[in-house]
Amino acid sequence: MKKAEVKNFGKPDEVREFPKGKVEVVKISCATVGRAVLQPGWRWSTSLQPMAKTKSCEAPHFQYHISGVLRIRMDDGTEFDCKPGDVSLLPPGHDAWVVGNEPAVVVDFQGMVDYAKSL
């Protein structure tokens, strides 16, 4: 790192929209950070699986959960909820969906380089 940098999600470098959600991406130094806003009814397997063309989400995620509840189901059947204030580390091989009537907002520090990019 040679100089300080500041970016803001209010002016993202890129916005990727998909059914019932969007990801705002900022690129800072050699890192790509994304803020996902996922609306009630969003589910990876119905919203993004057709684009990804994989059985489950293959992006690894290192996330901070800001609001809403995101339920995760790993390919091995393990299932858990991520709530505001949680930090999660997800390896490839999972599905996820919004629980309840509040959007899930998540900042991801690892898995947004190619997430929701049109192929």
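Residues numbered from 1 in each chain as written. Predicted model: local features only at pLDDT ≥ 70, side-chain atom pairs only at ≥ 80, totals over all residues. Heavy atoms only, no water.

### Details of the overall build of the protein chain
Going by this rule: Per the convention used, a helix needs a DSSP run of H or I reaching at least four residues, while a strand needs a run of E reaching at least two, with both numbered from the N terminus. Between the two quantities, the radius of gyration covers C-alpha atoms and the globule rule is 2.2 Å times the number of residues to the power 0.38.
Regarding its fold elements, the protein chain presents two helices and nine strands. Going from N to C terminus, the protein chain has its helices and strands arranged as β-β-β-α-α-β-β-β-β-β-β. Rg of the C-alpha trace for the protein chain: 14 Å, near the compact-globule value of 14 Å for 119 residues, within the 12% margin. Based on the C-alpha atoms only, the size of the protein chain along its principal axes is roughly 45 × 30 × 25 Å.

### Re the environment of Leu38
Filter applied, for reference: Exposure categories follow from relative accessible area, calculated using a 1.4 Å probe and restricted to protein chains: below 20% of the type maximum is buried, above 50% is exposed, and the middle band is partly exposed. Every residue pair with non-hydrogen atoms within 4.5 Å of one another is taken to be in contact.
In this fold, Leu38 is placed in strand β3 (residues 31–38). In this structure Leu38 comes out as buried when scored by relative accessible area, which is 4%. With 30 residues separating them in the primary sequence, Leu38 and Asn8 have C-alpha atoms 19 Å apart. Sequence-distant contacts of Leu38, that is, excluding residues within four places in its chain, are made with Phe18, Lys20, Gly21, Leu70, Val98, Pro103 and Ala104.

### Details of the pairing of strand β8 (residues 94–99)
Applied cut-off: In this analysis, strands are considered paired if DSSP registers two or more bridges between them.
Among the six residues in β8, five count as buried, and that is most of the element. Summarising the sheet, strand β5 (residues 69–74) and β8 pair through six bridges and their orientation is antiparallel. By the bridge assignment, Leu70 is partnered in β8 with Val98.

### Some words on the sheet that holds β5
Operational definition: Here an axis means a line fitted to C-alpha atoms, over the contact stretch when the element is a helix, while the angle between two N-to-C directions is reported on a 0 to 180 degree scale.
Spatially, three strands are ordered β6-β5-β8 in an open sheet, and the strand pairing comes out antiparallel. Looking at the sheet topology across the chains shown, the edges are occupied by β6 (79–82) and β8. Between one strand axis and the next, the sheet turns through 25° on average, direction left out of account.

### Regarding the sheet that holds strand β9 (residues 104–108)
Judged by pairing direction, the sheet is antiparallel, and its six strands sit side by side in the order β1-β2-β3-β9-β4-β7 without closing on themselves. The sheet is open, and its two edges are formed by β1 (14–18) and β7 (87–90), each paired on a single side. Mean inter-strand twist for the sheet, computed between neighbouring axes without regard to direction, equals 25°. The sheet contact formed by strand β2 (residues 21–28) and β3 spans eight bridges and is antiparallel. Looking at the pairing, Lys27 lines up with Thr32 of β3.

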